[in-house]
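These are the residues of each chain, in order.
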Amino acid sequence: MAVRQVSQLNAGKKTSGIDGKKDLTFEERFELSDELGRHGSNWHHQGLREVPIPKKNGTIRILKIPTLGDRAWQCQALYALEPAHEATFHARSYGFRTGRSAHDAQKFLFHNLRSNSNGKDKRVIELDIEKCFDRISHASIMDRLIAPKSLKTGIFRCLKSGVNPEFPKQGTPQGGVVSPLLANIALNGIEDIHQSVRYADDMVFVLKPNDNAESILDKVSLFLAERGMKVSEKKTKLTATTDGFDFKGWHFKMQSNGKFRCVPERG
């Protein structure tokens, strides 16, 4: 199933890693399946192919792509880890989880900010975590991983295969199959700080008139510091619902006539 997922179903099935392999034949898929069965948790990850991706703000994001074999191993690990962690994940976390989507986050914000919920008096903290995937502490992931020792060893090797020499104990490859799950594991529980909704590393806190934004951000900073991360002061902002804000493809705004409007974000 893992080999089929990464070599036939995933959007990146024709993207190669450093070994240059892509478009596997059916014989190569069988061989890879046998190889995964033989090595199991003793699988040794190869390096990552780095691909620069331009962002809207003009900066460059580096996508690190594992080989198809490494992706298949990660997918196999994902199948084992996901059910155990799904039982522990917060109800208001919607990113990269089975049966959940950005529409669920949109629905939560709409119900909490519309006129029937006194949305005109509320504010939101648009939280941005600085280089989240690059800065997640390996220890924070390993300490929270629900897995036998052998699988933990495999995940540790996976993390170490894509480290930045400048930060050898931090980061999870953004092109890795299991990376979104590992990020969710590290960030799980941040939702308990205050009423909020989270989609992977994107998050919005909903504040009533008497809520103290500075106190909430102090708690968030402490939570992230324990996991090797920090709040991006440039991108994190406190916004009134009457000013409007964007989140996961939607624009939310309380209009002057008292009606709350939620429409697709302008591209």
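Here the structure is shown first, and the text comes after it.
Residues numbered from 1 in each chain as written. Predicted model: local features only at pLDDT ≥ 70, side-chain atom pairs only at ≥ 80, totals over all residues. Heavy atoms only, no water.

Caption draft 1: Examining the sheet that holds strand 7 (residues 245-247) more closely. Pairing is antiparallel in the open sheet, where 3 strands are placed in the order 7-8-9. Edge positions in the open sheet fall to strand 7 and strand 9 (260-264), since each of these has one partner strand only. Averaged over all pairs of adjacent strands, the angle between their axes in this sheet comes to 25°, without regard to strand direction. Direction of pairing for strand 7 relative to strand 8 (residues 250-254): antiparallel, over a ladder of 3 bridges. In the strand pairing of strand 8, Asp246 is matched with His251. Along the sheet, helix 4 (residues 102-113) contacts strand 7, strand 8 and strand 9; its crossing angle with strand 8, the most-contacted strand, is approximately 0°. (Pairing = 2+ DSSP bridges. Helix = DSSP H or I, 4+ residues; strand = E, 2+ residues; numbered from the N terminus. Axes fitted to C-alpha atoms, helices over the stretch in contact; angles between N-to-C directions. Contact = heavy atoms within 4.5 Å.)

Caption draft 2: Focus on helix 4. In this model helix 4 runs 17 Å from its N-terminal to its C-terminal C-alpha over 12 residues, within 8% of the 16 Å that 1.5 Å per residue would give. Turning to helix 4, its buried residues are Ala102, Ala105, Gln106, Phe108, Leu109, Asn112 and Leu113. The arc that holds every buried residue of helix 4, seen down its axis, measures 160°, which confines them to one face. (Expected span 1.5 Å × (residues − 1). Buried < 20%, exposed > 50% of the residue type's maximum accessible area, 1.4 Å probe, protein only. Arc of directions from axis to C-beta.)

Caption draft 3: Summary view of unusual backbone geometry. We note that Asp23 has phi near 50°; this positive angle belongs to a residue other than glycine. With respect to the element layout, Asp23 can be found in the loop between helix 1 (2-9) and helix 2 (26-39). We classify Asp23 as partly exposed; its relative accessible area is 45%. Unusually for a residue other than glycine, Asn118 sits at a positive phi of about 55°. Among the structural elements, Asn118 can be located in the loop between helix 4 and strand 3 (123-128).

Caption draft 4: The layout of surface pockets, seen in detail. Considered as a void within the structure, the largest pocket measures approximately 1,700 Å³ in volume. For the largest pocket, the lining is made up of 45 residues, of which Lys55, Asp128, Asp201, Asp202 and Lys235 are closest to its centre. By volume, the second largest pocket amounts to about 450 Å³. Lining of the second largest pocket is provided by 21 residues; of these, Asn10, Gly175, Gly176, Val177 and Pro180 occupy positions nearest its centre. Listing elements by their share of the lining of the second largest pocket, those giving two or more residues are helix 1, strand 2 (60-65), helix 3 (68-86) and helix 8 (179-187). Top element by residues in the lining of the second largest pocket is helix 3. It accounts for 5 residues. Tallied by class, residues from the lining of the second largest pocket come to 11 nonpolar, 7 polar and 3 charged. (1 Å grid on protein atoms, 1.4 Å probe; cavity = no way out; pocket = protein on both sides within 12 Å on 5 of 7 lines; lining within 4 Å. Points joined across faces, edges and corners; volume = space filled by probe spheres on them. Nonpolar A, V, L, I, M, F, W, Y, C, P; charged D, E, K, R; others polar.)

Caption draft 5: Expanded view of the sheet that holds strand 3. One open sheet holds the 4 strands; their spatial order is 4-5-3-6, and the pairing between them is antiparallel. The outermost strands of the open sheet, each flanked by one partner alone, are strand 4 (196-199) and strand 6 (237-240). Going from strand to strand, the sheet's axes swing by 20° on average, the running direction of each strand aside. As paired elements, strand 3 and strand 6 share 4 bridges and run antiparallel to each other. Residue pairing for strand 6: Glu126 is matched across the bridge by Lys237.

Caption draft 6: Main features of the nonpolar core. Grouped together as the largest cluster of nonpolar side chains are 46 residues, with contacts concentrated most on Leu127, Ile155, Val178, Leu182, Phe205, Val220 and Leu224. Looking at this core, the element that brings in the most residues is helix 3, giving 7 residues. Every residue in contact with Leu127, bar those within four places of it in the chain, is listed here: Ile190, Met203, Phe205, Leu217, Val220, Val231 and Thr236. (Core = buried A, V, L, I, M, F, W, Y, C linked by side-chain atoms within 4.5 Å.)

Caption draft 7: Summary view of the packing of helix 3 against helix 7 (residues 149-160). Following both chains from N to C, one finds helix 3 and helix 7 inclined at 135°, their axes separated by 11 Å at the closest point. Taken together, helix 3 and helix 7 sit at an angle that is classed as oblique. In this structure, helix 3 meets helix 7 at a crossing whose hand is left-handed. Contacts from Trp73, Gln74, Ala77, Ala80 and Leu81 of helix 3 reach helix 7 at Leu151, Gly154, Ile155 and Cys158. The residue makeup of the contact of helix 3 with helix 7, split by class, is 7 nonpolar, 2 polar and no charged. (Parallel < 35°, antiparallel > 145°, perpendicular 65-115°, else oblique. Left-handed = near helix turned anticlockwise from the far one by under 90°.)

Caption draft 8: Inspection of a negative patch on the surface at higher detail. Taken together, Glu27, Glu28, Glu31, Asp34 and Glu35 make up a surface patch of like negative charges. Judged by relative accessible area, Glu28 falls into the partly exposed class, the value being 32%. (Patch = residues over 30% accessible without salt bridge, like charges linked within 9 Å, V, L, I, M, F, W, Y side chains within 5 Å. Areas by Shrake-Rupley, 256 points an atom, 1.4 Å probe, with all protein chains shown as cover. Salt bridge = Lys/Arg side-chain N within 4 Å of Asp/Glu carboxyl O. Lys, Arg positive; Asp, Glu negative; His and termini not counted. Charge placed at Lys NZ, Arg CZ, Asp CG, Glu CD.)

Caption draft 9: Structural view of the packing of aromatic side chains. Enumeration according to the criterion identifies 4 aromatic pairs in this entry. Consider the rings of Phe96 and Tyr199, whose centres lie 6.0 Å apart with planes at 50°: the pair is tilted. A residue pair is termed long-range when its members are at least 10 positions apart, and Phe96 in the loop between helix 3 and helix 4 and Tyr199 in strand 4 qualify at 103 residues. When its relative accessible area of 47% is taken as the criterion, Phe96 is described as partly exposed. (Phe/Tyr/Trp six-rings, centres within 6.5 Å; stacked < 30°, edge-to-face > 60°.)

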